[in-house]
Amino acid sequence: MNRVDGRLKVTGAARFTAEFTPPNTAYGVILQSTIAHGRIGRMDVGKAEHADGVLGVITPRNAPKLPGAESRISILQNSNVEYNNQPIGVVVAESYEQAVHAAALIKVRYDFLPSKLDFQSGFVRGYPGTHNGEPGDLAFGDIDEGLSHAEVRIDQVYRTPIMHHNPMEPHASVAQWDGDRLTIHDTTQNISGHKQKLAAIFGIPAENVHVVSVFLGGGFGCKGEVWSHSVLAAMAARYVRRPVKLVLDRPQMFGPVGARPQTYQHLTLGAGRDGKLTAIRHEVLAHTSYIEDYLESSAFPTRVMYACPNVSTMHRLVQLNLGTPTYARAPGVATGTYAIEVAMDELAYALRMDPLALRQANYAEVDPHSKLPFTGKHLDECYSRGADRFGWSKRNPEPGSMREESSGLRIGWGMATETYPANRRPASALVRMKPDGRVLVACGTHEIGGGTYSMLAQVAAETLGISADRIDVQLGDTLLPEAPISAGSMTAASVTPAVQAAATQLKAKLQGRSANPNDAVEAEAKVAPDEMLKQKASPHSFGAVFAEVAVDPELGTVKVRRIVAVYDVGRVINEQTGRSQFIGGIVWGISLALHENTLVDARTGRVANGNLSEYHVPVNADIGEIDVSALNIPDMVFNSVGARGIGEIGITGTAAAISNAVFHATGIRVRDLPITLDKLNTHQQSR
Amino acid sequence: MFPFEYDRPTQQEKVIDALSHSNRTKILAGGTNLVDLMKNGVEQPERLVDINRLDLTTIAQLDDGGVRLGALAHNSDTANHPLIRERYPLLSQAILSGASPQLRNMATNGGNLLQRTRCYYFTDSGFPQCNKRLPGSGCGAIEGFNRIHAILGGSSQCVATHPSDMCVALAALDATVRVQSSKGVRTIEFPNFHRLPGDTPRLDTNLEPDELILSIDLPPSRFASHSHYLKIRDRASYAFALVSVAAALEMDDEKIRTARIALGGVAHKPWRATEVEKELVGRRAERTLFELAARLAVRDARPLNHNMFKVELVPHAIVRALSLAGGVA
Amino acid sequence: MGSNRRQGEAQGERLMADQRRELNRRDFVKTAGAITGAAVIGVPAASEAKNSSPHRVSMNIRINGKPHSLVVDARLTLLDLLRETVGLTGTKKGCDHGQCGACTVLVNGRRINSCLSLALSNDGHTITTIEGLAEGDQLHPLQSAFIECDGFQCGYCTPGQICSAVGMLREAAVERAELTDDEIRERMSGNICRCGAYPGIVEAIQTVYHQSQGNDIPASGRD
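Residues numbered from 1 in each chain as written. Chains lettered and ligands numbered in written order. Predicted model: local features only at pLDDT ≥ 70, side-chain atom pairs only at ≥ 80, totals over all residues.

Description of the overall build of chain A
Then, in step 1: For chain A, the count of helices and strands is 15 helices and 26 strands.
Then, in step 2: A globule of 687 residues ought to have a C-alpha radius of gyration of about 26 Å, and chain A, at 26 Å, matches this closely.
Then, in step 3: Overall, the C-alpha framework of chain A stretches about 75 × 70 × 50 Å when taken along its three principal axes.
Then, in step 4: Counting all 687 residues of chain A, 65% fall into the buried class. (Helix = DSSP H or I, 4+ residues; strand = E, 2+ residues; numbered from the N terminus. Rg over C-alpha atoms; globule rule 2.2 N^0.38 Å. Buried ≥ 20, exposed ≤ 12 C-beta atoms within 10 Å, placed from the backbone.)

Right under this line is the structure:
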């Protein structure tokens, strides 16, 4: 089934946040700091205030005090500067050009304070953190015992850089007040969280806040929190008494709207000569800001991936004068599976064992920590199908042994395990049969690219036994039945059961009525996951990914020629959108392995490559063949639709598969991402 | 952007007049570099003279058998022009490896010569140190991120590189640049068009502030059958060169009669590796020769903390480009 | 609670209805700050008579077949003219610096990044945007192919991808280039897709390319 919102998207009719322009809209532009740490000493705003078209300049000097202001965002409540590029003012003008110009006229004088930017020296300063309330330190078995019994050990450090989400759509807010009622179109993947937070910050009842986000141009985790610009847009709208449209430009998105933090991961693996793991120790250091703690939970997947009796995981945070990090596609899992799956490849080589066979030898039939069965796990089939489709059995394990005669390129084959937890939260949905025979499905969820509009239509259609083209879907509005944040791959898993339940109830209601009712008939349902489920079973998705790279031995350039991946994610509701999500995750994995790197200037704490020219994400020519398939075995233990979620698993393991392939091609093991050509030249290592 | 006055004259004289009036007047052609820098606040002209109505788009053969490229011809039209594809494939290849198709449709030949460096410390006015943008303020790159910066011809004041691909090919092809001012028309030999930073990093070129580029002239083609433009970058497309090589050979059977090697991504201007060229002349085109000669290109290289890899990469790239140009394995 | 919900549905219905109306949109929303002259038949020579401020200039431009006479801030880009002045929000702003291709439109038939093109530079030009590709309800072949091949996810880069593909197919035809998958990838590398829909994009373009072999690809019904 094609996407139901496809036509809107290909004709440019799908409207994104910045495309809503109420009558009398004024334009807001944020001013951001150019130092990493200090206080604003003085801001000369005179020229800005008197510039053409300017309606107001708001700075910490004159910003209204917000009753529920949070220190986690920069909303002009004080003069502190905690990172370079932090919001420190807003200019509002009749036109965008006028606002930009006026902002450039503001002169800021800072009182400098020493800044902490060096991640490396921070290890000793690390403190424990939690991720979504779960402890960062967790161990089971006896790690020292396990290591002492190991006949082979791998002990390495793996590093991943600061990564910025860079969705194609910049963050934007269009805020409009009506008395103390706020309507805000916003680039958010969490409308209900947004509503609650904004209400609290402005000290107004939650029902006074109306948040709309009908199409989101990519989120990937950076649009889940309330960031400074949303509050500043609303503040500006109240200040100038007009609707205000505020859109970040691309360089402004490096710092104030979250990033994946860098990690330093120390992996120790111990195994017997037969390949069976006796010990895994995974220690993670990640950075956070001075404003708020966020922990990249890289060692969390380590707790479920392999049947190892002795596992120790530890996370430490260090504060730096950088913007607060946040969830990024497969938070923790993307970076953690990179490290552990490269370590496993290194172990395979130390054991002279096939990397796939090593994974299979350590297959976990039950959750290694809780000892509970998985809600559904068919990873073994993913391994064998994936290996088959890829041709893995033809692999000569010797590094550099596979060469392409015609080009001289070195071919490398690598593989990795993929995993992502299955998440689910309570959600509500309404389904209504209208007198004209069309059905409305309404749910306060989001369309961030995963095909939510289509999935809701599809599930309702199936349940009602009608064609999907009789269905209209509404989402992205806090006036609709409440649904959770679209993150953690939980949208389908949370909202489709709600739609299914509402449609089922509607069907029952319709059965009792005459053929052509004059009124609409509707049903609304709220469903929630079984609280006891996690005591009975462990919900996780798995997959296997195989990568082929071609490396130029003289120039060091790496091309990912093909990827084969097979997934076990429960039921895939829509084959077309599901496939696209897997591919999207894999492209992020390629990007993590080879391209993305935020360069923070050590003296100023300023991002040097804060634009899409120098911050590299893959272009079309970087992406070769991607063969994805799913087992599509429904997981009815997890929810009534059998679906566990798709959006993030593609990035997990992929960066490791590519790194392992590069090693296979060259014999060079690069342990810090991205793998750029200079790192493959062993004579001239640059950092 | 700062406010500016906008004109779109139809006569060349008006343009030159406007340029000689004020040094806060800038020419707008394709806009792909200037408008970008104006948005960053790096360029703040008081007046923009849009020259897109001038009649400078022609690409045509010259009497001596060379080709004249109008300054306002778009990069894409130039690369795809039959005369260029046939006689100067090196130039075609170089242009098509740069930027993106959309930008190549907008960008002009004159503008390509004048594009400014992509050094992070230059393009972002939030960085306090940039001798090019703010003379005397220091160089942010020397002690900062300099992976994409120069290994040849830099100075203690500036280590920026010239970002153009087209210019590297033009350097190899011995192009000349025809310009006009109120004093008349003059010709600038390509090696003298762009400058090294020295202690005047503010200046990218030797073009006078009141001069308008009319055309880029190419001498009669000698290298059509043996040339190759090799561009090495961090992703497969739409990225600036880490290192690039324009290699062109004129052959006498298996011997090299003339060699041209120009390098991109290594200096403030396209770098003619003349020592390599001299080493190649009169010898058989074979890999061992290329490898020996290529090393000469980096003999005087002064790498920085993050770009030492270029000292290895450049010779490899030269060997590869020469091999492809010479049809040698 | 009940009235909120009904209000929400009414709101929601209006949103979807809004969106359906977009497909038939012919009138353009005028936003505060821009002065739009009456629609002019034909495209007269541009007047450079300056308005009340020295930096506002009048211009004429034809967009999707409709002529416009405007007086604009000299700093206005073609992209913002489309999105903010005439309300054609189909063309997207991704980076505003020519680094992502989301703003790609066709000017006199060629694909360019509208964010780096000053509005005034387009005086007398003919612009085709994503809104101008379909003919009434009949989608352009590329639009249909993008839907069939799922050449998008969030949809934000999609208008730019499709306009770029229209331009690209025309360029390839003029050059008589053979469009292998690799050629398409290279020629479409000026359009970044963060959702990673590249395989679907290539497939969509290949589909149309093969269908059209030997034929002209229509730019729009109203060039």
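Quick notes on the overall build of chain C
Then, in step 1: Secondary structure summary: chain C contains 6 helices and 6 strands in total.
Then, in step 2: Secondary structure of chain C in N-to-C order comes out as α-β-β-β-α-β-β-β-α-α-α-α.
Then, in step 3: Here chain C, with 223 residues, has 54% of them falling under the buried criterion.

Brief notes about the domain arrangement of chain C
Residues and elements named next belong to chain C.
Then, in step 1: For chain C, the domain assignment lists domain 1 (27–132) and domain 2 (141–212).
Then, in step 2: Counting residues at the interface gives 16 residues for domain 1 and 14 residues for domain 2.
Then, in step 3: Secondary structure elements with two or more residues in the side of domain 1 that touches domain 2: strand 4 (104–107) and strand 5 (110–113).
Then, in step 4: With 3 residues, the single largest contributor to the side of domain 1 that touches domain 2 is strand 4.
Then, in step 5: When its residues are assigned to classes, the side of domain 1 that touches domain 2 shows 6 nonpolar, 7 polar and 3 charged. (Domains from an automatic or database assignment. Contact = placed C-beta atoms within 7 Å. Nonpolar A, V, L, I, M, F, W, Y, C, P; charged D, E, K, R; others polar.)

A closer look at the interface of chain B and chain C
Then, in step 1: Taken together, the contact pairs 22 residues of chain B with 26 residues of chain C.
Then, in step 2: Within the residue set of the side of chain B that touches chain C, elements represented by two or more residues are strand 1 (5–7), helix 2 (34–39) and helix 6 (101–106) of chain B.
Then, in step 3: Counting residues per element, the side of chain B that touches chain C draws most heavily on helix 6 of chain B, which supplies 5 residues.
Then, in step 4: Residue classes in the side of chain B that touches chain C are distributed as 10 nonpolar, 8 polar and 4 charged.

Comments concerning the packing of helix 3 (residues 141–148) of chain C against helix 4 (residues 158–175) of chain C
All names here are of chain C.
Then, in step 1: The N-to-C vectors of helix 3 and helix 4 enclose an angle of 130°; their axes lie 10 Å apart at closest approach. Between helix 3 and helix 4, the angle falls in the class oblique. Relative to helix 4, the crossing made by helix 3 is right-handed. Listed contacts from helix 4 to Leu-142, Gln-143 and Phe-146 of helix 3 are Thr-158, Ile-162, Ala-165 and Val-166.
Then, in step 2: For the contact of helix 3 with helix 4, a count of residues per class yields 5 nonpolar, 2 polar and no charged. (Axes fitted to C-alpha atoms, helices over the stretch in contact; angles between N-to-C directions. Parallel < 35°, antiparallel > 145°, perpendicular 65-115°, else oblique. Left-handed = near helix turned anticlockwise from the far one by under 90°.)

Remarks on the domain arrangement of chain A
Residues and elements named next belong to chain A.
Then, in step 1: What the domain assignment reports for chain A is domain 1 (6–114 + 170–216 + 223–253), domain 2 (124–162 + 260–422 + 536–680) and domain 3 (427–528).
Then, in step 2: Listed by partner, the interface residues are 14 residues for domain 1 and 17 residues for domain 2.
Then, in step 3: Residue classes in the side of domain 1 that touches domain 2 are distributed as 4 nonpolar, 6 polar and 4 charged.

Let's talk about the sheet that holds strand 23 (residues 521–527) of chain A
Residues and elements named next belong to chain A.
Then, in step 1: Spatially, 22-21-20-23 is the arrangement adopted by the 4 strands of the open sheet, whose pairing is mixed. Two strands close off the open sheet at either side, each with one partner strand: strand 22 (471–474) and strand 23. Direction aside, the axes of adjacent strands within the sheet are offset by 15° on average.
Then, in step 2: Where strand 21 (residues 439–442) lies against strand 22, 4 bridges are found, and the strand directions are parallel. Following the sheet pairing, Ala-442 is matched in strand 22 by Gln-474.
Then, in step 3: Along the sheet, helix 11 (residues 491–511) makes contact with strand 20 (427–433), strand 21 and strand 23, crossing strand 23 at roughly 145°. (Pairing = 2+ DSSP bridges.)

Remarks on the sheet that holds strand 11 (residues 255–264) of chain B
In sheet architecture, strand pairing relies on hydrogen bonds along the backbone and comes in two forms, parallel and antiparallel.
All names here are of chain B.
Then, in step 1: As summarised here, the arrangement of the 4 strands in space is 9-10-11-12, forming an open sheet in which the pairing is antiparallel. Each having just a single partner strand, strand 9 (227–232) and strand 12 (271–272) make up the two edges of the open sheet.
Then, in step 2: The pairing of strand 11 with strand 12 spans 2 bridges and is classified as antiparallel. Looking across to strand 12, one finds that Leu-263 is bridged to Trp-271.
Then, in step 3: Lying over the sheet, helix 5 (residues 89–96) contacts strand 9 and strand 10 (243–252), oriented at roughly 15° with respect to strand 9.

Focus on the environment of Lys276(A)
All names here are of chain A.
Then, in step 1: The residue Lys-276 is located in the loop between strand 16 (263–271) and strand 17 (277–288) in this model.
Then, in step 2: Judged by the 15 C-beta atoms lying within 10 Å of it, Lys-276 is partly exposed.
Then, in step 3: For the pair Lys-276 and Asp-477, spaced 201 residues apart in sequence, the C-alpha separation works out to 51 Å.
Then, in step 4: Not counting residues within four places of it along the chain, the set of residues in contact with Lys-276 comprises Ala-271, Ala-361 and Asn-362.

Digging into helix 10 (residues 452–464) of chain A
Residue and element names in this part refer to chain A.
Then, in step 1: Here helix 10 spans 18 Å end to end across 13 residues, near enough to the 18 Å set by a 1.5 Å rise per residue.
Then, in step 2: Counting buried positions along helix 10 yields 11 of 13 residues, so the element is predominantly enclosed.
Then, in step 3: Of the residues making up helix 10, those classed as buried are Thr-452, Tyr-453, Ser-454, Met-455, Leu-456, Ala-457, Gln-458, Val-459, Ala-460, Thr-463 and Leu-464.
Then, in step 4: Those residues of helix 10 that are buried are in contact with strand 20, strand 21, strand 22, helix 11 and helix 13 (575–594).
Then, in step 5: Just downstream of helix 10 lies Gly-465, where phi reads positive at about 70°. (Expected span 1.5 Å × (residues − 1).)

Side note on the interface of chain C and chain A
A common way to express how large an interface is: the accessible area buried when the components associate.
Then, in step 1: Every contact between the two is made by 61 residues of chain C and, on the other side, 57 residues of chain A.
Then, in step 2: Among the secondary structure elements, those contributing two or more residues to the side of chain C that touches chain A are helix 1 (2–23), helix 2 (78–85), helix 3, helix 4, helix 5 (181–187) and helix 6 (198–212) of chain C.
Then, in step 3: Per element, the largest residue contribution to the side of chain C that touches chain A is 11 residues, and it comes from helix 1 of chain C.
Then, in step 4: Of the residues contributing to the side of chain C that touches chain A, the split by class is 27 nonpolar, 21 polar and 13 charged.

Regarding the nonpolar core
Then, in step 1: Within the largest apolar cluster, 404 residues are counted, with the highest numbers of intra-cluster contacts made by Val91(A), Ala429(A), Val441(A), Val499(A), Ala246(B) and Ile318(B).
Then, in step 2: It is helix 7 (residues 333–351) of chain A that provides the largest number of residues to this core, a total of 11 residues.
Then, in step 3: If we ignore the near neighbours within four places in the chain, the residues touching Val499(A) are Ala429(A), Val431(A), Val441(A), Cys443(A), Leu456(A), Val459(A) and Ala460(A). (Core = buried A, V, L, I, M, F, W, Y, C linked by C-beta atoms within 7 Å.)

So, the confidence of the model for chain C
Residues and elements named next belong to chain C.
Then, in step 1: Per-chain confidence: chain C averages 80 in pLDDT, with 71% of residues scoring 70 or above.
Then, in step 2: Low pLDDT, under 50, characterises residues 1–12; the stretch is placed with 13 contacts to residues that sit more than four places away or in other chains.
Then, in step 3: When the criterion is pLDDT under 50, residues 17–52 qualifies, and its contacts beyond four places in sequence or with other chains add up to 51 contacts.
Then, in step 4: Reported for the predicted complex are a pTM of 0.94 and an ipTM of 0.97. (pLDDT = per-residue confidence, 0-100.)

A word on the environment of His81(B)
Then, in step 1: By secondary structure assignment, the location of His81(B) is in the loop between helix 3 (75–80) and helix 4 (82–87).
Then, in step 2: For the pair His81(B) and Ala60(B), spaced 21 residues apart in sequence, the C-alpha separation works out to 9.7 Å.

Describing the pairing of strand 18 (residues 311–319) of chain A
Residue and element names in this part refer to chain A.
Then, in step 1: For strand 18, the tally of buried residues reaches 7 of 9 residues, placing the bulk of the element in the interior.
Then, in step 2: One ladder, built from 2 bridges, connects strand 7 (residues 127–128) with strand 18; its direction is antiparallel. From the neighbouring strand, Pro-128 faces strand 18, where its bridge partner is Arg-316.
Then, in step 3: As defined by bridge partners, strand 10 (residues 138–140) adjoins strand 18 across 3 bridges and the pair is classed as antiparallel.

Looking at the pairing of strand 2 (residues 25–28) of chain B
Residue and element names in this part refer to chain B.
Then, in step 1: Residues Thr-25 and Ile-27 of strand 2 are buried on one face, and the alternating residues Lys-26 and Leu-28, pointing to the opposite face, are buried as well.
Then, in step 2: By the bridge criterion, 4 bridges tie strand 2 to strand 3 (residues 47–50) in an arrangement that is parallel. From the neighbouring strand, Lys-26 faces strand 3, where its bridge partner is Leu-48.
Then, in step 3: In this fold, the crossover linking strand 2 to strand 3 by way of helix 2 has right-handed handedness. (Right-handed = clockwise from strand over helix to strand, strands pointing away.)

Quick notes on the packing of helix 10 of chain A against helix 11 of chain A
Residues and elements named next belong to chain A.
Then, in step 1: At their nearest, the axes of helix 10 and helix 11 sit 9 Å apart, and the two run at 35° to each other. Here helix 10 runs over helix 11; the crossing is right-handed. Taken together, the residues of helix 11 that come into contact with helix 10 (itself represented by Thr-452, Met-455, Leu-456, Val-459, Ala-460, Thr-463 and Leu-464) are Thr-491, Ala-492, Val-495, Thr-496, Val-499, Gln-500, Ala-503, Thr-504 and Lys-507.

Digging into the confidence of the model for chain A
Then, in step 1: Summarising the model, chain A shows a mean pLDDT of 96, and 98% of its residues fall at 70 or more.
Then, in step 2: A low-confidence stretch, residues 683–687 of chain A (pLDDT under 50), is modelled with 13 contacts involving residues beyond four sequence positions or located in other chains.

As for the environment of Arg8(B)
Residue and element names in this part refer to chain B.
Then, in step 1: On the secondary structure map, Arg-8 appears in the loop between strand 1 and helix 1 (12–21).
Then, in step 2: Classification of Arg-8 by C-beta neighbours within 10 Å gives buried; the count is 22.
Then, in step 3: Sequence-wise, Arg-8 and Arg-299 are 291 residues apart; in three dimensions their C-alpha atoms are separated by 49 Å.
Then, in step 4: Filtering out sequence-adjacent residues up to four positions away, Arg-8 remains in contact with Asp-50 and Arg-53.

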